[in-house]
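Tertiary structure, described
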Amino acid sequence: MCPEVLVGLRRYLERSDAGAARMAAWMIESTDLLIVGCGPAGGVAAREAASRGLRVVVLEKDAVVGSKRVCAAGLRPGFCREFDLPDSLVHCNTPRLALFDPYGDEYAVRFGPGHTSTREELDGTIAARAVTAGAEIRTNALFRELSSEGGRTLVEYADTARGERRRIAARHVFLAQGSTAKLERHPRFAFSGWASGLMTTLQQRWYLARPAAPIAYETLELHYYPARDGRTVVAWMFPKRDHLAIGLGITGKVPGAELREELDEFAARTIRRLAPGIEARVKLEGHLLYGGMPRPTVGADGVSIGGTAAGLVDATNGEGIYEAATSGRMLADFVWRYRDDATRASAAYSRALHDRFYARLARRVKLIEFLSRRPKRFRLLFEQFAAAPRFAELVANERFDRTWADRIFLYAQAARFGARSLLA
Ligand SMILES: Cc1cc2nc3c(=O)[nH]c(=O)nc-3n(C[C@H](O)[C@H](O)[C@H](O)COP(=O)(O)OP(=O)(O)OC[C@H]3O[C@@H](n4cnc5c(N)ncnc54)[C@H](O)[C@@H]3O)c2cc1C
């Protein structure tokens, strides 16, 4: 529209209050897809939607994407290939998964290989590719509020660098702000079980003066044992190029000093085993991890929720990057398919997300609860994984990757485990 026409239109509209209000609404910036959060869910959605020609704006509260993420950043086999990311992101290829039971015994399974990375690199690379595809990423942009207006969603956010409040209208909205997404002020999405699924986590990065034992760099370690108060600790050692990430999580709120003590003991045991006597600089970091049931409602009226904000984390091992990235891809797909009908897009996304993830993730919540009731059950399961690695692999795989023969084998193993653990 030429400037003279715009000035004329503005004068016409400004003649009445109603006109001024209409003009204010008209002048709000708009986009096809507005994404909150630039983790793997938001970043993948942005990249894939922008590469199809949609106008995409991402709001990220941090100044630098990925710089504040606390994560062990273990990636499942084939992750980089599946999401078209460079192998240079991979710090270590880890063909061994070592499971430690509550008695400290180790059961190793060969798989994959899995990979490790850091979130600075992973999220930063996904974001850079989203920008190349045409997405706009606004950092220092803190999401505040959602409201709907005339078939669009108005999103309010704070530009924390300039100290300004801004609004943007979007046809489609994707909320992907991770474990801080309580969403209690949004009755459609609020989930009363959210708080009880949160885990408190703490991690140390051990920057060693010399490399640790070679086996450390081939292995993802997961440890399960009861904390002093009886709650199950899920702990890990994931190797990186320049450090070992050693951390743990406990469901519910844990006083900081207690958690630090628990981690100090675990880290000391791990370092004695893998890097005895090696000097190190240690960096401590902590964050909340969601490990409960998936959020029941994740799509309505043009607004969809993905990644950890949707509760897509495996409660047995904390894996959520794959689930987050996949939800971002699914969202981009449905937004593109139903680009002119946001309500239909969010409803179709919600159904597809349920089908893909909910049964597996809900089973994982029940499994960790079942195992935690008797520490010996961890041992029985890990023994079975070590004796029949195909069982472990099938449990890790997605449901639709399984053949009938796989399913029969899996159910037979599961029945055997059930019988052994009930007799134990
Ligand atoms: C200690 C720890 C270890 C973990 N280890 C692993 C692992 O080894 N492997 C694995 O697969 N998963 C792991 N996870 C889980 C994994 O981190 C999450 O599942 C994954 O990050 C989810 O991605 P996401 O995009 O949904 O959310 P996030 O990665 O949490 O990204 C959310 C983004 O939204 C931004 N944001 C939040 N609030 C706002 C707001 N109001 N406005 C604007 N932006 C906002 C955040 O800054 C962030 O960039 C771990 C988690 C923790 C805590």
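Residues numbered from 1 in each chain as written. Predicted model: local features only at pLDDT ≥ 70, side-chain atom pairs only at ≥ 80, totals over all residues.

**Details of the overall build of the chain**
Helix and strand content of the chain: eleven helices and 16 strands. Against the compact-globule benchmark of 22 Å for 424 residues, the chain has a radius of gyration of 24 Å, which places it among compact chains. Dimensions of the chain, computed from the C-alpha atoms along their principal axes, are close to 80 × 50 × 40 Å. Per-residue burial over the chain gives 42% buried out of 424 residues. Pairs at least 24 residues apart make up 69% of the contacts formed inside the chain by residues separated by at least 6 positions. (Helix = DSSP H or I, 4+ residues; strand = E, 2+ residues; numbered from the N terminus. Rg over C-alpha atoms; globule rule 2.2 N^0.38 Å. Buried ≥ 20, exposed ≤ 12 C-beta atoms within 10 Å, placed from the backbone. Contact = placed C-beta atoms within 7 Å.)

**Re the site of the ligand**
Taken together, 40 residues lie near the ligand, and G37, G39, G178, G307 and G320 sit nearest. Mapped onto the shell around the ligand, the elements with two or more residues apiece are α3 (40-50), β7 (141-149), β10 (198-208), β14 (280-290) and α7 (321-337). Its residues assigned to classes, the shell around the ligand shows 20 nonpolar, 15 polar and five charged. Mapped onto the domain boundaries, the shell around the ligand takes at least three residues apiece from domain 1 (3-66 + 120-194 + 293-360) and domain 2 (92-114 + 195-290). (Near = placed C-beta within 6 Å. Nonpolar A, V, L, I, M, F, W, Y, C, P; charged D, E, K, R; others polar. Domains from an automatic or database assignment.)

**Describing the environment of G150**
Mapped onto the elements, G150 comes out in the loop between β7 and β8 (152-159). Along the backbone, G150 and Y349 are 199 residues apart, and their C-alpha atoms lie at a distance of 22 Å.

**Remarks on helix α10 (residues 389-396)**
For α10, every residue scored as buried is listed here: F391, A392 and A396. Taken around the axis of α10, the buried residues stretch over an arc of 130 degrees, which confines them to a single face. Buried positions along α10 lie against β5 (106-116), α9 (376-387) and α11 (404-423). (Arc of directions from axis to C-beta.)

**Looking at the domain arrangement of the chain**
Domain parsing of the chain yields domain 1 (3-66 + 120-194 + 293-360), domain 2 (92-114 + 195-290) and domain 3 (364-423). Each partner contributes to the interface: domain 1 provides six residues, whereas domain 3 provides five residues. Per-class residue counts for the side of domain 1 that touches domain 3 are three nonpolar, one polar and two charged.

**Some points on the pairing of β8**
Sheet topology places β7 next to β8; eight bridges connect them, and they run antiparallel. Note on β8: the bridge partner recorded for E145 is E156. One ladder, built from seven bridges, connects β8 with strand β9 (residues 164-175); its direction is antiparallel. From the neighbouring strand, A158 faces β9, where its bridge partner is R165. Linkage of β8 to β9, two consecutive antiparallel strands, is achieved through a turn of four residues, within which G163 is found at a positive phi near 70 degrees. (Pairing = 2+ DSSP bridges.)

**A look at the pairing of β5**
For strand β3 (residues 74-75) and β5, the ladder comprises two bridges, and the chain directions are antiparallel. Counted as the bridge partner of G74 is T116 from β5. As consecutive antiparallel partners, strand β4 (residues 92-100) and β5 are separated by five residues, and within that stretch G104 has a phi angle of approximately 85 degrees, a positive value.

**Focus on the sheet that holds β4**
Strand order in this open sheet of eight strands is β3-β5-β4-β11-β12-β13-β10-β14, and the pairing throughout is mixed. Because the sheet does not close on itself, it has two edges, and the strands there are β3 and β14. Sheet analysis places β4 next to strand β11 (residues 219-226), joined by five bridges and oriented parallel. Directly across from L97, in β11, lies its bridge partner L220. The strands touched by α9 within the sheet are β4, β5 and β11, with β5 carrying the most contacts at an inclination of about 65 degrees. (Axes fitted to C-alpha atoms, helices over the stretch in contact; angles between N-to-C directions.)

**Considerations on the nonpolar core**
Judged by nonpolar contacts, the single largest core of 107 residues is most densely connected at I35, A45 and V56. Beyond its immediate stretch of four places on either side in the chain, I35 contacts G42, A45, A46, V56, V58, F174 and A176. (Core = buried A, V, L, I, M, F, W, Y, C linked by C-beta atoms within 7 Å.)

**Observations concerning the packing of α10 against α11**
Viewed as axis vectors pointing N to C, α10 and α11 meet at an angle of 105 degrees, and their least axial separation amounts to 10 Å. The angle between the axes of α10 and α11 places the two elements in the roughly perpendicular class. Here α10 contributes R390, F391 and L394 to the contact with α11, which in turn contributes D406, F409, L410 and Q413. Partitioned by chemical class, the residues of the contact of α10 with α11 number four nonpolar, one polar and two charged. (Parallel < 35°, antiparallel > 145°, perpendicular 65-115°, else oblique.)

**Thoughts on unusual backbone geometry**
Look at the link from G112 to P113: it is a cis peptide, with omega at 15 degrees. Among the secondary structure elements, P113 is positioned in strand β5. Positive phi, close to 50 degrees, is recorded for D84, a residue that is not glycine. Among the secondary structure elements, D84 is positioned in the loop between α4 (79-82) and β4. Backbone geometry places L183, a non-glycine residue, at a positive phi of 60 degrees. On the basis of neighbour counts, which here come to 19 C-beta atoms within 10 Å, the residue L183 falls in the partly exposed class.

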